[in-house]
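Okay, here's what each chain looks like letter by letter:
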Amino acid sequence: MQQAANDERLSLDSVSVEDLNAALRVVCRLPLELLGFLILLPIVCIGFSWLSTAIAPPYGVYIFGEGLVTWGLILMLALLFGLFWWRGRQIGLHLHDPDIVASPVMSLLSVPGILAERAQAVGMEWSGFYGPLRPRRK
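All values derive from a computational prediction rather than experimental measurement.

### Topic: the overall build of the protein chain
And then number 1: When its secondary structure is counted, the protein chain shows six helices and four strands.
And then number 2: Shown N-terminal to C-terminal, the secondary structure of the protein chain runs as helices and strands in the order α-α-β-β-α-α-α-α-β-β.
And then number 3: Sorting the 138 residues of the protein chain into buried and exposed places 29% on the buried side.
And then number 4: For the protein chain, the share of sequence-separated contacts (at least 6 apart) that also reach a separation of at least 24 residues comes to 56%.
And then number 5: As displayed, the protein chain offers around 9,200 Å² of accessible surface, 69% of which is attributable to carbon and sulfur atoms.

### Remarks on the nonpolar core
And then number 1: One finds L20, I91, L95, V111, L115 and L133 to be the most contacted residues of the largest nonpolar core, which totals 21 residues.
And then number 2: When residues of this core are traced back to their parent elements, those giving at least two are α2 (17-55), α3 (68-95) and α6 (111-121).
And then number 3: With eight residues, α2 is the largest single contributor of residues to this core.

### Some details on the packing of α2 against α6
And then number 1: Following both chains from N to C, one finds α2 and α6 inclined at 155°, their axes separated by 11 Å at the closest point. Here α6 runs roughly antiparallel to α2, going by the angle between their axes. In terms of crossing hand, the pair formed by α2 and α6 is left-handed. Residue-level contacts link L20, A23, L24 and V27 of α2 to V111, L115, R118 and A119 of α6.
And then number 2: Per-class residue counts for the contact of α2 with α6 are seven nonpolar, no polar and one charged.

### Describing the side chain of R87
And then number 1: Tracing the chain through its elements places R87 in helix α3.
And then number 2: Separated by 2.7 Å, the side chains of R87 and Q90 make a polar contact.
And then number 3: The contact partners of R87, leaving out residues within four places of it in the chain, are V26, R29, L30 and E33.

### So, a nonpolar patch on the surface
And then number 1: Judged by side-chain polarity, L35, L38, I39, L40 and I43 come together as a nonpolar surface patch covering roughly 490 Å² of accessible area.
And then number 2: Relative to the assigned elements, L35 resides in helix α2.

### Points about the confidence of the model for the protein chain
And then number 1: Of the residues in the protein chain, 88% reach a pLDDT of 70 or more, and the chain-wide mean stands at 84.
And then number 2: Within the protein chain, the element-level pLDDT minimum falls on helix α1 (residues 2-9), averaging 50, and the maximum on α3, averaging 92.

### Topic: the pattern of salt bridges
And then number 1: Per the stated rule, a full pass over the model turns up three salt bridges.
And then number 2: In this structure, the salt-bridge partner of D97 is R118, at a minimum N-O distance of 3.9 Å. Of this pair, D97 sits in the loop between α3 and α4 (98-102) while R118 sits in helix α6; the two residues are 21 residues apart in sequence, bridging distant segments of the chain. When sorted by exposure, D97 lands in the same class as R118, which is buried.
And then number 3: One salt bridge connects R134 with E125, and the closest N-O pair in it is separated by 3.2 Å.
And then number 4: We classify R134 as partly exposed; its relative accessible area is 28%.
And then number 5: For E125, a relative accessible area of 23% gives the class partly exposed.

Reading the values: the criteria
For every chain, the first residue of the written sequence is number 1, and numbering continues from 1 along that sequence. Where local features are concerned, this predicted model is filtered to residues with pLDDT of at least 70; where side-chain atom pairs are given and counted, the filter is 80 or more; whole-chain, interface and lining totals use all residues. Only heavy atoms go into the side-chain values, all of them from the structure, while hydrogens and water stay out. Numbering of helices and strands runs from the N terminus; a helix is a DSSP stretch of H or I covering at least four residues, while a strand is a stretch of E covering at least two. Think of it in three bands: residues with accessible area under 20% of the maximum for their type are buried, residues over 50% are exposed, and the middle band is partly exposed, with areas taken using a 1.4 Å probe on protein chains only. Here, residues are in contact when the closest pair of their heavy atoms is within 4.5 Å. For accessible areas, the Shrake-Rupley method is used with a probe of radius 1.4 Å. Any residue's cover is judged against the shown protein chains and nothing else. For the purposes of this section, nonpolar cores are sets of buried Ala, Val, Leu, Ile, Met, Phe, Trp, Tyr and Cys residues that join through side-chain atoms within 4.5 Å. Between N-to-C directions, angles span 0 to 180 degrees; the directions come from axes that are lines fitted to C-alpha atoms, helices contributing only their stretch in contact. Any angle from 65 to 115 degrees is called roughly perpendicular, while one under 35 is roughly parallel, one over 145 is roughly antiparallel, and all others are oblique. Each crossing gets its hand from how the near helix is turned against the far one by less than a right angle, where anticlockwise is left-handed and clockwise is right-handed. Polar here means any residue other than Ala, Val, Leu, Ile, Met, Phe, Trp, Tyr, Cys and Pro, which are nonpolar, and Asp, Glu, Lys and Arg, which are charged; Gly is therefore polar. In protein, a polar contact requires one atom able to donate a hydrogen and another able to accept it; more generally it is a pair of N or O atoms within 3.5 Å, and residues adjacent in sequence count only if both atoms are side-chain atoms. Without a salt bridge and with relative accessible area above 30%, a residue can belong to a patch; like charges are then joined within 9 Å and nonpolar side chains (Val, Leu, Ile, Met, Phe, Trp, Tyr) within 5 Å. We define a salt bridge as a contact between a side-chain nitrogen of Lys or Arg and a carboxyl oxygen of Asp or Glu at a distance within 4 Å. Confidence scores here are pLDDT values: one per residue, from the predictor, ranging 0 to 100.

Shown next as structure tokens:
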């Protein structure tokens, strides 16, 4: 009975093409979101630096011995980790993979291989850069 449950959990055919396409969209959206964080990071640093010196010139505001810029960077790092966690969890739920759901951040590196494996199992292939899955050519 235990072996049958494990075989069912490891079955590659249990994922629909729609779920694979949804997971692929999340994976393809992730670099654009990272680019947004890269653009937003200097804006947050400059904004907190200006706000800190505007509130208490000339040295700025310090909370627990750290300036507002440091707290802004810690906040951005926490938001970045949250983004990785949330997107990894979404991909794990789309792929019905409990291992990805259990550790979404660490599993993000293995997602492209899992996606390719599951797409091949249902007879699909990736159509190219930011494209959906299509039937595999013979």
